[in-house]
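Residue-level structural notes
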Amino acid sequence: MAGSDWGHQSWFQFESWRCHWRCTGAADRPALVLLHGFGASSGHWRGNAEALAAAGYRVYAMDLLGFGQSDQPGGRLDNRLWSRQLQCFLEQIVRKPAVVVGNSLGSLVGLTAAVFCPELVIAVAAAPLPDPTLLSPVPLRRSPWSRRWQRWLVLLVSRCLPLGLLIAVLRQQPLLRMGLASAYASGERIDGELVQLIRWPASRSTAGRALGAMVRGMALRPARATAPQLLPRLQQPMLLLWGRRDRLVPPMIAQRVVQQAPAGLGQLHWFEELGHCPHDEAPETFNAALIAWLKQQAPTR
């Protein structure tokens, strides 16, 4: 099984930021783009990329802004900006439409890109799809006073909280392993490689400002950029890959996602014994389910 240092690695420019990416597999095969979850990076697809390439795909992955080796800017980071980063990546590097496969936050980014630039996204696989608004939707129209109050509160909290200190505490190995234990149903895959993969980006001097940018961006994004508003506009097939033992995104949300997507586009696959990161917790099981679905969407031959 390949490690987290998989594939040919390089950089591309998105607006003023430098972004890290990697790829493996024959260049003439159908394209897959793998998008990591919160706190992770492209290396988190360590058990998937080479297997997907062997199944006949050209496999790409990139580090979302704020994560991995990509730049960690301030300002605001949300799924709209990350979807524009993905669009730039598809246009500059992949240069053809692709199936987007996401874990957690990466799934929301893939869904956003599928809605905002449908000509570039063939289908979306989400493992799983998180968005707090799936539990408590944001009204499409709010009073100016309500918007100002929310903006003021979010900006105050994000700027007053010692986020750099918080990250420094959370990246300590005992706490980091506890956090990973909440994302994995079993501890077998929580090894030194995984701990380092999560810990290194959090050790960068710009990690605190990037976390602040994510807090501001995700809290202040408009309703049209939330999952309940995106899902009904989806035009492409979507596969949900969900662990029954996911403690971070309740499995009950999976049914809501299927119901909110246009009829016939959403398909749900359960992993009975897995948690929030099924792709890394049981790569062989995950790969088999994904490849079977991919062959229905875009056969390799």
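For the structure, see preceding data.
Quantities reported herein were computed from a predicted structural model and do not represent experimental measurements. (Residues numbered from 1 in each chain as written. Predicted model: local features only at pLDDT ≥ 70, side-chain atom pairs only at ≥ 80, totals over all residues. Heavy atoms only, no water.)

1. Remarks on the side chain of Ser-104
Heads up, the rule is: Think of it this way: any DSSP run of H or I at least four residues long counts as a helix, any run of E at least two long counts as a strand, and we number them from the N terminus. Whether two residues are in contact is decided by their heavy atoms, any of which lying within 4.5 Å being enough.
By the secondary structure assignment, Ser-104 is in the loop between strand E5 (98-102) and helix H3 (105-116). In this structure Ser-104 touches Gly-37, Ala-127, Pro-128, Pro-130 and His-276, once residues within four positions along its chain are discounted.

2. Some thoughts on the environment of His-269
Our working definition: Only protein chains enter the accessibility calculation, which uses a 1.4 Å probe. A residue is then buried if its area is under 20% of the maximum for its type, exposed if over 50%, and partly exposed in between.
Mapping His-269 onto the fold places it in strand E8 (residues 266-271). Residue His-269 is classed as partly exposed on the basis of its relative accessible area, which comes to 32%. The spacing of His-269 and Ala-289 is 20 residues in sequence and 7.9 Å in space, taken between C-alpha atoms. Apart from residues lying up to four places away in sequence, His-269 is in contact with Leu-239, Leu-240, Leu-241, Trp-242 and Ala-289.

3. Digging into helix H2 (residues 79-94)
Every buried residue of H2 is listed here: Asn-79, Leu-81, Trp-82, Ser-83, Gln-85, Leu-86, Cys-88, Phe-89, Leu-90 and Val-94. Arg-95 sits one or two positions beyond H2 and adopts a positive phi of about 65°.

4. Regarding H3
Rules: Expected span of a helix: the number of residues minus one, times 1.5 Å.
For H3, which comprises 12 residues, the first-to-last C-alpha distance of 17 Å matches the rise-based estimate of 16 Å (1.5 Å per residue) to within 8%. By the criterion of burial, H3 is predominantly enclosed, with 11 of the 12 residues buried. Of all the positions in H3, only Leu-105, Gly-106, Ser-107, Leu-108, Val-109, Gly-110, Leu-111, Thr-112, Ala-113, Ala-114 and Val-115 are classed as buried. Elements that come into contact with the buried residues of H3 comprise strand E3 (31-35), H2, E5, strand E6 (121-126), helix H8 (207-220) and helix H9 (227-230).

5. Side note on the pairing of E3
So the rule is basically this: DSSP bridges decide pairing: two strands pair if at least two such bridges lie between them. The handedness rule is simple: strands pointing away from the viewer, and a clockwise path from the first strand over the helix to the second, make the crossover right-handed.
Summarising burial for E3: 5 of the 5 residues are buried, a large majority. Going residue by residue along E3, you find Ala-31, Val-33 and Leu-35 tucked away on one face and Leu-32 and Leu-34 tucked away on the opposite face as well. Sheet topology places E3 next to strand E4 (residues 58-62); 5 bridges connect them, and they run parallel. Note that in E4 the partner of Leu-32 across the bridge is Val-59. What joins E3 to E4 is helix H1 (residues 49-54), and the crossover it makes is right-handed.

6. A word on the packing of H2 against H3
The condition is simple: Only the stretch in contact is used when fitting a helix axis, every axis being a line fitted to C-alpha atoms; angles between N-to-C directions are given from 0 to 180 degrees. Should an angle fall under 35 degrees it is taken as roughly parallel, and over 145 as roughly antiparallel, whereas 65 to 115 is taken as roughly perpendicular and any remaining angle as oblique. Under the scheme applied here, ten amino acids are nonpolar (Ala, Val, Leu, Ile, Met, Phe, Trp, Tyr, Cys and Pro), four are charged (Asp, Glu, Lys and Arg), and all others, including Gly, are polar.
Contact geometry for H2 and H3: axes closest at 8 Å, N-to-C directions at 70°. Taken together, the axes of H2 and H3 lie roughly perpendicular to each other. Residues Asn-79, Arg-80, Trp-82, Ser-83 and Leu-86 of H2 form the contact with H3, whose participating residues are Leu-105, Leu-108, Val-109, Gly-110, Thr-112, Ala-113 and Phe-116. Its residues assigned to classes, the contact of H2 with H3 comprises 7 nonpolar, 4 polar and 1 charged.

7. Looking at the sheet that holds E4
One open sheet holds the 8 strands; their spatial order is E1-E2-E4-E3-E5-E6-E7-E8, and the pairing between them is mixed. If you trace the sheet from one side to the other, it starts and ends with strand E1 (8-14) and E8, each paired once. Each strand of the sheet is rotated relative to its neighbour by a mean of 25°, with strand direction disregarded. Together, E3, E5 and E6 form the strand contacts of H3, whose direction differs from that of E6 by roughly 155°.

8. Observations concerning the nonpolar core
In plain terms, the rule: We call a set of buried residues a nonpolar core when its members are Ala, Val, Leu, Ile, Met, Phe, Trp, Tyr or Cys and they connect through side-chain atoms within 4.5 Å of each other.
Ranked by size, the top nonpolar core spans 53 residues in total, and within it Val-33, Trp-82, Leu-86, Phe-89 and Leu-129 carry the most contacts. Ignoring anything within four residues of it in the chain, the contact list for Leu-129 reads Ser-107, Leu-108, Leu-111, Leu-134, Leu-231, Leu-240, Trp-242, Val-249, Ile-253 and Val-257. If you look at the next biggest cluster of nonpolar residues, it comprises 27 residues, including Val-59, Leu-274, Ile-291 and Leu-294.

9. So, the environment of Arg-22
Mapping Arg-22 onto the fold places it in strand E2 (residues 17-24). Overall, Arg-22 belongs to the buried group, its relative accessible area being 4%. Spatially, the C-alpha atoms of Arg-22 and Gln-9 are 4.2 Å apart, while their sequence positions differ by 13 residues. When near neighbours in sequence (up to four residues on either side) are disregarded, Arg-22 contacts Ser-4, Asp-5, Trp-6, His-8, Gln-9, Ser-42, Gly-43, Val-59, Tyr-60 and Ala-61.

10. Quick notes on the side chain of Asn-79
Stated precisely, the cut-off is as follows: Any pair of N or O atoms that falls within 3.5 Å is considered a polar contact. Within protein, one atom must be able to donate a hydrogen and the other to accept it, and sequence-neighbouring residues count only if both atoms are side-chain atoms.
Counting through the fold element by element, Asn-79 comes out in helix H2. A polar contact is formed between the side chain of Asn-79 and the side chain of Thr-112, at a distance of 2.9 Å. A distance of 3.3 Å separates polar atoms of two side chains, one belonging to Asn-79 and the other to Arg-221. In this structure Asn-79 touches Leu-108, Thr-112, Met-218, Arg-221, Ala-225 and Leu-230, once residues within four positions along its chain are discounted.

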